[in-house]
Amino acid sequence: SQQGEEDPQALSIQEGENATMNCSYKTSINNLQWYRQNSGRGLVHLILIRSNEREKHSGRLRVTLDTSKKSSSLLITASRAADTASYFCATDSLYNTDKLIFGTGTRLQVFP
Amino acid sequence: EAGVAQSPRYKIIEKRQSVAFWCNPISGHATLYWYQQILGQGPKLLIQFQNNGVVDDSQLPKDRFSAERLKGVDSTLKIQPAKLEDSAVYLCASSHLTDKYFGAGTRLSVL
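Residues numbered from 1 in each chain as written. Chains lettered and ligands numbered in written order. Predicted model: local features only at pLDDT ≥ 70, side-chain atom pairs only at ≥ 80, totals over all residues. Heavy atoms only, no water.

*Asks:* I'd like a description of the overall build of chain B, backed by residues and values.
*Replies:* Regarding its fold elements, chain B presents zero helices and 11 strands. In chain B, the succession of helices and strands from N to C terminus is β-β-β-β-β-β-β-β-β-β-β. Judged by the C-alpha coordinates and their principal axes, chain B covers about 40 × 25 × 25 Å. The 111 residues of chain B split such that 44% are buried. Counting only contacts in chain B whose residues sit at least 6 apart along the sequence, the fraction spanning at least 24 positions is 51%. Carbon and sulfur atoms provide 51% of the accessible area of chain B, an area that totals close to 5,500 Å². One way to put it: in chain B the 13 positive side-chain charges average out to a point 5 Å from where the 10 negative ones average out. (Helix = DSSP H or I, 4+ residues; strand = E, 2+ residues; numbered from the N terminus. Buried < 20%, exposed > 50% of the residue type's maximum accessible area, 1.4 Å probe, protein only. Contact = heavy atoms within 4.5 Å. Areas by Shrake-Rupley, 256 points an atom, 1.4 Å probe, with all protein chains shown as cover. Lys, Arg positive; Asp, Glu negative; His and termini not counted. Charge placed at Lys NZ, Arg CZ, Asp CG, Glu CD.)

And the structure:
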């Protein structure tokens, strides 16, 4: 079963704009991760945020985590056409940090 | 560093036929995972190996799916017999500590 629900399901923006994707999950976690998947390719790890962290940055990526609301957001600033992909959040469980449960994903289209 | 290798990339079969997928993880990665990703959904873990032992196969439909990692290196996932709803991308991943690396996947179409 899917742990996370992502919102929006699809997002279309112009290059240079910011893209924000949201993820909600159901059970308590140790970590939440974000992955990118280009069409026909495997998943690439973007960033991990621990349950005791509220915000994390990596290059043009900014992730927030609100454990009280069981939600996270991924912000991509100054988007590029190469950012076009599907983005998934993934959570682990308190009992097995190796077992990732993925959300349904957000399909991002960045137009040049 | 070579990535996770999977083959074949694509497979088309008819329902009730059998199919097998192969995965070669990154050298030295003890943990190997098989995920099923149905179109429009996120990946779902089917089975997790630690070396050649199974850690979690709670979501593997054991009546038709089987997986092995006999020597603790490469792995095969088999479906026998296949159903229409097995159409999906089958992703293999391996990990060292917390970092997971995914292969490009095998896209299975069951007709």
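*Asks:* Account for the state of the cysteines, naming residues and giving values.
*Replies:* All names here are of chain B. Inspection of the entire model under this criterion finds two disulfides over all chains. One disulfide bridge connects cysteine 23 with cysteine 92, the sulfur atoms lying 1.9 Å from each other. Across the S-S bond of cysteine 23 and cysteine 92 the torsion is about -65 degrees, and the bridge reads as left-handed. Placement of cysteine 23 in strand E3 (residues 19-24) and of cysteine 92 in strand E9 (residues 88-96) is noted, with a sequence separation of 69 residues between them. The buried category is assigned to cysteine 92, whose relative accessible area is 0%. (Disulfide = S-S within 2.5 Å.)

*Asks:* Lay out unusual backbone geometry in plain terms, naming residues and giving numbers.
*Replies:* The omega angle of the peptide bond from serine 7 of chain B to proline 8 of chain B is -10 degrees, so this bond is cis rather than trans. With respect to the helices and strands, proline 8 of chain B occurs in the loop between strand E1 (5-7) and strand E2 (10-13). In the segment running from glutamine 80 of chain B into proline 81 of chain B, the intervening peptide bond is cis, with an omega of -5 degrees. Along the polypeptide, proline 81 of chain B turns up in the loop between strand E8 (75-79) and E9. Positive phi, close to 45 degrees, is recorded for alanine 78 of chain A, a residue that is not glycine. You can see alanine 78 of chain A is positioned in the loop between strand E8 (71-76) and strand E9 (85-91).

*Asks:* Go over the pattern of salt bridges with me, naming the residues and quoting the values.
*Replies:* All names here are of chain A. Taken as a whole, this structure holds five salt bridges over all chains when the rule is applied. Of the charged contacts, one joins aspartate 83 and arginine 60 as a salt bridge, the two residues approaching to 2.9 Å between their closest N and O atoms. Here the residue aspartate 83 occupies a position in the loop between E8 and E9, and arginine 60 occupies one in the loop between strand E6 (55-58) and strand E7 (61-66), the gap between them amounting to 23 residues. Take arginine 60: its relative accessible area is 23%, and that puts it in the partly exposed class. (Salt bridge = Lys/Arg side-chain N within 4 Å of Asp/Glu carboxyl O.)

*Asks:* Can you break down the sheet that holds E7 of chain A residue by residue, with the values?
*Replies:* Residues and elements named next belong to chain A. Across the sheet, five strands lie side by side as E1-E3-E8-E7-E6; this open sheet has antiparallel pairing. In this open sheet, the two strands that pair with only one neighbour each are strand E1 (5-7) and E6. Averaged over all pairs of adjacent strands, the angle between their axes in this sheet comes to 15 degrees, without regard to strand direction. Pairing between E1 and strand E3 (residues 19-24): three bridges, direction antiparallel. Among the inter-strand pairings, aspartate 7 is bridged to a residue of E3, identified as asparagine 22. (Pairing = 2+ DSSP bridges. Axes fitted to C-alpha atoms, helices over the stretch in contact; angles between N-to-C directions.)

Take it as geometry only, folks, not as evidence of what the structure does.
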